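# Coordinate analysis (summary)
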Amino acid sequence: GNSVTQMEGPVTLSEEAFLTINCTYTATGYPSLFWYVQYPGEGLQLLLKATKADDKGSNKGFEATYRKETTSFHLEKGSVQVSDSAVYFCALSKGSSASKIIFGSGTRLSIRP
Amino acid sequence: GAGVSQSPSNKVTEKGKDVELRCDPISGHTALYWYRQSLGQGLEFLIYFQGNSAPDKSGLPSDRFSAERTGGSVSTLTIQRTQQEDSAVYLCASSSGGSSYEQYFGPGTRLTVT
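Residues numbered from 1 in each chain as written. Chains lettered and ligands numbered in written order. Predicted model: local features only at pLDDT ≥ 70, side-chain atom pairs only at ≥ 80, totals over all residues. Heavy atoms only, no water.

### Concerning the packing of aromatic side chains
Evaluated as defined, the whole model comprises 13 aromatic pairs over all chains. Arranged with centres 5.7 Å apart and planes meeting at 65°, the rings of A:Tyr36 and A:Phe103 form a pair that is edge-to-face. One end of the pair, A:Tyr36, is in strand S5 (residues 32-38); the other, A:Phe103, is in strand S11 (residues 101-103), and 67 residues separate them in sequence. For A:Phe103, a relative accessible area of 7% gives the class buried. Geometrically, the ring pair formed by B:Tyr33 and B:Tyr35 is stacked, given 6.3 Å between the ring centres and 20° between the ring planes. (Phe/Tyr/Trp six-rings, centres within 6.5 Å; stacked < 30°, edge-to-face > 60°. Helix = DSSP H or I, 4+ residues; strand = E, 2+ residues; numbered from the N terminus. Buried < 20%, exposed > 50% of the residue type's maximum accessible area, 1.4 Å probe, protein only.)

Below, the structure is given as structure tokens:
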């Protein structure tokens with residue numbers, strides 16, 4: 001079946017450090033890939049997405065590239081800020097736009113000032 | 001307009017009781033989803049509704065769980081004879097369907113079964 005595996009946390013970095021959170025997926029066909037973020041005390045929100053191979057999603061300085069050959073969608077940011085502290089979820093969906101999302105287990109990120 | 005709203009925000013119930021959780025999607029959104037976020041299981045899909053189509057119930061963990069969506073808008077998730085393992089945050093999301101993939105999530109209902 002379809003599944004998402006992401007780096008286990010927690011991850012603790014200093015401000016301005018480089019961030020990578022690894023994510024790989026298993027799916028038949030061509031899923032859409034997402035990163036969702038959950039800030040402390042807030043609901044889940046979409047951070048970025050990519051809907052086909054080699055697409056790069058980007059938002060708020062974060063980037064992720066849809067790599068079909070390695071079935072990966074790693075999240076990166078060149079210089080993290082304290083405000084990036086949150087839980088990050090890699091996810092996929094299949095089929096039409098109205099389709100359930102399959103989430104990874106989440107990675108808690110803490111940024112030290 | 002307003003985002004997805006859920007009620008109650010917190011619910012404490014005794015084992016064996018029934019509970020109802022409510023979701024108000026964004027106005028005009030045709031698709032509505034329920035997920036559960038728990039410590040042991042992460043974020044898992046429960047059920048989704050798309051327009052007038054039959055709902056996808058493939059994620060419901062047992063027949064104690066059911067959901068309905070009245071008038072294509074508000075949805076209620078019902079858990080009968082609650083068990084302690086049902087304790088979790090229940091999240092609702094909606095999307096506009098069409099070519100949009102983005103699901104907008106509500107703040108969740110934290111359910112605690114004692």
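Having seen the structure, we can now continue with the description.
### Brief notes about the interface of chain A and chain B
Counting from both sides, the interface comprises 18 residues of chain A and, opposite them, 20 residues of chain B. Between chain A and chain B, the buried area comes to about 1600 Å², and carbon and sulfur atoms account for 58% of it. At the junction of chain A and chain B, the tally comes to three residue pairs in polar contact (both at pLDDT 80 or more). Counting only elements with at least two residues in the side of chain A that touches chain B, the list comes to S5, strand S6 (44-50), strand S10 (86-93) and S11 of chain A. (Contact = heavy atoms within 4.5 Å. Buried area = accessible area lost by both parts, 1.4 Å probe. Polar contact = N/O pair within 3.5 Å; in protein donor to acceptor, adjacent residues only side chain to side chain.)

### A closer look at unusual backbone geometry
Residues and elements named next belong to chain A. That bond from Gly9 to Pro10 is cis: its omega, -5°, falls within 30 degrees of zero. The topology assignment puts Pro10 in the loop between strand S1 (3-6) and strand S2 (11-14). Located in the positive-phi region is Asp54, a residue other than glycine, with phi close to 75°. Residue position: Asp54 is located in the loop between S6 and strand S7 (56-59). Assessed through its relative accessible area of 55%, Asp54 is described here as exposed. In this structure, Lys60 is a non-glycine residue whose phi angle is positive, near 55°.

### Points about the state of the cysteines
Residue and element names in this part refer to chain A. Counted under the stated rule, the structure contains two disulfides over all chains. The side chain of Cys23 participates in a disulfide bridge whose partner is Cys90; the two sulfur atoms lie 1.9 Å from each other. With the S-S dihedral at roughly -70°, the linkage between Cys23 and Cys90 falls on the left-handed side. Of this pair, Cys23 sits in strand S4 (residues 23-26) while Cys90 sits in strand S10, and the two are 67 residues apart along the sequence. A relative accessible area of 1% means that Cys23 is categorised as buried. When its relative accessible area of 1% is taken as the criterion, Cys90 is described as buried. (Disulfide = S-S within 2.5 Å.)

### Quick notes on the environment of B:Lys57
Take B:Lys57: it is sitting in the loop between strand S5 (42-50) and strand S6 (65-69). In the structure, B:Lys57 is positioned 31 residues away from B:Ile26 in sequence and 21 Å away in space, judged by C-alpha atoms.

### With respect to the pairing of S10(A)
All names here are of chain A. Counting buried positions along S10 gives eight out of eight residues, so the element sits mostly inside the fold. Every second residue of S10 is oriented toward a common face, with Ala86, Tyr88, Cys90 and Leu92 on one face and Val87, Phe89, Ala91 and Ser93 on the other, all of them buried. Summarising the sheet, S5 and S10 pair through seven bridges and their orientation is antiparallel. Note that in S10 the partner of Ser32 across the bridge is Ser93. Direction of pairing for S10 relative to strand S12 (residues 107-112): antiparallel, over a ladder of three bridges. Bridging from a neighbouring strand, Val87 pairs with Arg108 of S12. (Pairing = 2+ DSSP bridges.)

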